[in-house]
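Here's the letter readout for the chains.
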Amino acid sequence: MNMLCTLRSATETQLQSLREAPTRLESFLEDEEDFDDAKGAAFLELDIGEAWHGLQFLLTDTAWEGTPPLDFLVRGGEDVGDIPSDEGTARVFDAAGVKALAEALKTVSEDTLRQRFDPARLQAEDIYPGTWEEEEPAEDVDPLEELVSYFVELRKFTAAVAKRGHALLVHIG
């Protein structure tokens, strides 16, 4: 099973509705449910696919730990939704947390990420998807450049969500 990561903005009204009706998370993620919130219907979304764990590692220099808020892809926030524990996670960060995250991401340089990229260490640390040392990457994609590209998009995305004053839902599944 592929473990893919989607990030989505959410209004406070939507968060409250998700807390009250956790079984509606899947419909919310599939754009079938906006919980009757006109502001939430114009949500922002970023799909970082399988890059989530590599980004976690480059942002924190750890597989599963790190210092908030930069560890947000795998830790922190509030669990939300009705997801069996072996099928992923869905966590939300309130608007203040998103603002702190956006500010923290501004301080991370692409050079820092490039320096932390070590395919042998990523492989040894079992960083998902576990294909870091392949001689010929799938689809002729440079894994480092792909991660840096996702980081740039992630920084823009969190800044836009913070500017709106919205919360952030991080779904890995």
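Definitions and cut-offs
Residue positions are given per chain, counting from 1 as you read along its sequence in written order. Totals for whole chains, interfaces and linings use all residues, but because this is a predicted model, local features are given only for residues with pLDDT of at least 70 and pairs of side-chain atoms are given and counted only at 80 or more. Computation of side-chain values: all heavy atoms of the structure, hydrogens and water removed. Any carboxyl oxygen of Asp or Glu that lies within 4 Å of a side-chain nitrogen of Lys or Arg is treated as forming a salt bridge with it. The buried label applies to any residue whose accessible area, calculated with a 1.4 Å probe on protein chains only, is under 20% of its type's maximum; exposed applies above 50%, and partly exposed to all values in between. Secondary structure elements follow DSSP: runs of H or I of four or more residues count as helices, runs of E of two or more count as strands, with numbering from the N terminus. Note on terminology: a nonpolar core comprises buried Ala, Val, Leu, Ile, Met, Phe, Trp, Tyr and Cys residues joined through side-chain atoms within 4.5 Å. Working rule for contacts: check all heavy atoms of both residues, and any pair within 4.5 Å makes them a contact. Residue count minus one, scaled by 1.5 Å, sets the expected span of a helix. By definition, the arc is the one covered by directions from the helix axis to the C-beta atoms. Pairing of aromatic rings covers Phe, Tyr and the six-membered ring of Trp, with a centre-to-centre limit of 6.5 Å; geometry is then stacked below 30 degrees between planes, edge-to-face above 60, and tilted otherwise. Charge over a ring is defined by NZ of Lys or CZ of Arg lying within 6 Å of the ring centre and within 35 degrees of the ring normal. The criterion for strand pairing is that DSSP finds at least two bridges linking the strands in question. Angles shown run from 0 to 180 degrees and are taken between the N-to-C directions of axes, each axis being a line fitted to C-alpha atoms and, for helices, limited to the stretch in contact.

(A) Fine view of the pattern of salt bridges. A full pass over the atoms with the stated rule returns twelve salt bridges. The partner of Arg-19 in a salt bridge is Glu-12, and the shortest N-O contact between them spans 3.4 Å. Judged by relative accessible area, which is 33%, Arg-19 ranks as partly exposed. Among the residues examined, Glu-12 registers a relative accessible area of 52% and is labelled exposed. Between Glu-153 and Lys-156 there is a salt bridge, with the nearest N and O atoms lying 3.6 Å from each other. You can see Glu-153 and its partner Lys-156 sitting in helix α8 (residues 143-164), three residues apart, about one turn around the helix.

(B) Representation of the nonpolar core in the model. Leu-7 and Phe-72 are the most contacted members of the largest nonpolar core, which totals 38 residues. Contributing elements (two or more residues each) for this core: β1 (5-10), β2 (45-49), α4 (52-60), α5 (95-106), α8 and β5 (167-172). Per element, the largest residue contribution to this core is seven residues, and it comes from α8. Residues contacting Phe-72, with those up to four places away along its chain left out, are Leu-7, Leu-59, Arg-91, Phe-93, Leu-101, Leu-154, Leu-168 and Val-170.

(C) Geometry of α5. With twelve residues, α5 extends 17 Å between its outermost C-alpha atoms, agreeing within 8% with the 16 Å of an ideal straight helix rising 1.5 Å per residue. Buried within α5 are the following residues: Val-98, Leu-101, Ala-102, Ala-104 and Leu-105. One side of α5 carries all its buried residues, which in axial view fall inside an arc of 165°. Projecting away from the buried face of α5 at angles above 90 degrees are the exposed residues Ala-96, Lys-99 and Lys-106. Looking at the buried residues of α5, the elements they touch are α4, β4 (89-93), α8 and β5.

(D) Molecular detail of the packing of aromatic side chains. Applying the stated criterion to the full structure yields five aromatic pairs. A connected cluster of aromatic rings, assembled from ring pairs, spans Trp-52, Trp-64 and Tyr-128. The ring centre of Phe-28 lies 4.0 Å from the NZ or CZ of Arg-8, which sits over that ring.

(E) Representation of the sheet that holds strand β3 (residues 78-79) in the model. Reading across from one edge, β2-β1-β5-β4-β3 is the order of the five strands in this open sheet, with antiparallel pairing throughout. Sheet topology places β2 and β3 at the edges, where each strand pairs with a single neighbour. Inspection of the sheet shows β1 paired to β2 by four bridges, in the antiparallel sense. Residue pairing across strands places Thr-6 opposite Asp-47, the latter belonging to β2. Each of β1, β3, β4 and β5 touches helix α1 (residues 12-20); the most contacted strand, β1, lies at about 120° to it. α5 rests against β4 and β5 of the sheet, and its axis sits at about 80° to β5.

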